[in-house]
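Descriptive structure summary
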Amino acid sequence: MDMSLYPHAVAMSADEFMSWSTALINDLVSSGTRRTIDKLTGPIWSWAMKNSMHPLHWGLACCALEMAQASAPRFDAERYGMIYRSSPRQTDILLVNGWISKKIRNDIRRLWEEMPGPKWAVAMGECAISGGPWYDAYNCIQGLDQILPVDLYIPGCPARPDAMIDGFMLLQKKIDEYFKRGVILKDRQGL
Ligand code: SF4
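Residues numbered from 1 in each chain as written. Predicted model: local features only at pLDDT ≥ 70, side-chain atom pairs only at ≥ 80, totals over all residues. Heavy atoms only, no water.

Things to note about the nonpolar core
- One finds Met-124, Ile-154, Met-164, Phe-168 and Leu-171 to be the most contacted residues of the largest nonpolar core, which totals 24 residues.
- Of all the elements in the fold, those that place two or more residues in this core are helix H3 (63-70), strand E1 (93-96), strand E3 (120-124), strand E5 (152-154) and helix H6 (161-180).
- Leaving out residues up to four positions away in the same chain, Phe-168 has contacts with Met-53, Pro-55, Met-82, Ile-93, Leu-95, Leu-152 and Ile-154.
- Residues Ile-100, Met-115, Ala-121 and Leu-148 belong to the second largest nonpolar core, which totals 18 residues. (Core = buried A, V, L, I, M, F, W, Y, C linked by side-chain atoms within 4.5 Å. Buried < 20%, exposed > 50% of the residue type's maximum accessible area, 1.4 Å probe, protein only. Helix = DSSP H or I, 4+ residues; strand = E, 2+ residues; numbered from the N terminus. Contact = heavy atoms within 4.5 Å.)

A short note on the pattern of salt bridges
- In this structure the tally under the stated criterion is six salt bridges.
- Notably, a salt bridge pairs Asp-162 with Arg-160, separated by 3.1 Å at the nearest N-O pair.
- Residue Arg-160 is classed as partly exposed on the basis of its relative accessible area, which comes to 43%. (Salt bridge = Lys/Arg side-chain N within 4 Å of Asp/Glu carboxyl O.)

Focus on unusual backbone geometry
- Look at the link from Gly-117 to Pro-118: it is a cis peptide, with omega at -5°.
- Within the secondary structure, Pro-118 is located in the loop between helix H4 (105-114) and E3.
- Positive phi outside glycine occurs at Asp-76, with the angle close to 50°.
- With respect to the element layout, Asp-76 can be found in the loop between H3 and E1.
- A positive phi is found at Asp-136, a non-glycine position, where the angle reads about 65°.
- Relative to the assigned elements, Asp-136 resides in the loop between helix H5 (126-130) and strand E4 (140-141).

Points about the site of the ligand
- What surrounds the ligand is the set Ala-61, Cys-62, Cys-63, Gly-98, Gly-125, Glu-126, Cys-127, Pro-133, Trp-134, Gly-156, Cys-157 and Pro-158.
- Class assignment for the residues of the shell around the ligand results in eight nonpolar, three polar and one charged. (Near = heavy atom within 4 Å. Nonpolar A, V, L, I, M, F, W, Y, C, P; charged D, E, K, R; others polar.)

Some words on H6
- Counted at 1.5 Å a residue, the expected span for H6 with its 20 residues is 28 Å, and the 29 Å between its end C-alpha atoms agrees.
- What H6 keeps buried is the set Pro-161, Met-164, Ile-165, Gly-167, Phe-168, Leu-171, Gln-172, Ile-175, Asp-176, Tyr-178 and Phe-179.
- The elements touched by buried residues of H6 are helix H2 (33-50), H3, E1, E3 and E5. (Expected span 1.5 Å × (residues − 1).)

With respect to the environment of Cys-157
- Note that Cys-157 resides in the loop between E5 and H6.
- Along the backbone, Cys-157 and Cys-63 are 94 residues apart, and their C-alpha atoms lie at a distance of 7.6 Å.

A short note on the packing of H2 against H6
- One can describe the packing of H2 onto H6 by two numbers: an axis separation of 8 Å at closest approach and a directional angle of 165°. As far as their axial angle goes, H6 and H2 are roughly antiparallel. Classified by chirality, the crossing of H6 by H2 is right-handed. Judged by residue contacts, Lys-39, Gly-42, Trp-45, Ser-46, Met-49 and Lys-50 of H2 engage Gln-172, Ile-175, Asp-176, Phe-179 and Lys-180 from H6. (Axes fitted to C-alpha atoms, helices over the stretch in contact; angles between N-to-C directions. Parallel < 35°, antiparallel > 145°, perpendicular 65-115°, else oblique. Left-handed = near helix turned anticlockwise from the far one by under 90°.)

In structure tokens form, the structure reads like this:
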């Protein structure tokens with residue numbers, strides 16, 4: 001470890017802080033310290049993140065009604081800590097629940113890029129998975145995976161609320177694995 005980096009954290013300009021913090025992170029990674037910290041704190045982040053999933057609150061088409069029903073009293077998705085947020089900056093899950101027209105492709109990509117990482121993309125329903133009834137249509141994207149790395153597919157036309165809750169329970173396992181393996185070191189922002 002390069003100890004000259006450490007007693008240094010006060011009274012810096014923004015540029016100085018950026019170059020210092022980059023050097024510090026590189027040092028923590030190369031010395032293995034960051035991996036150790038991630039291993040020790042991973043279970044805490046994993047527990048917190050998987051029990052407080054915050055999907056973006058928006059709906060594209062008919063599967064969005066199933067999403068709404070999942071939060072209604074009968075299915076009560078909130079007992080899994082699922083609370084919808086209306087700003088991409090406060091969300092960690094992009095739930096795409098309808099057909100993806102070519103007009104909205106860039107907006108979906110921009111919403112995804114505005115979300116902080118680690119983040120997860122979910123394709124809900126046949127339209128978001130593969131085009132569904134709009135298979136091979138001139139105006140629709142043939143699946144979310146053509147514009148984003150998809151973590152979870154929830155099949156159905158429509159995908160029922162219980163299928164959605166089942167899918168999110170699978171996503172909880174994936175979040176758990178993500179932190180357990182220490183892959184927090186990998187930055188998914190660029191994906
Ligand atoms: S999968 Fe079926 S129910 Fe869901 S948005 Fe597409 S057409 Fe509508």
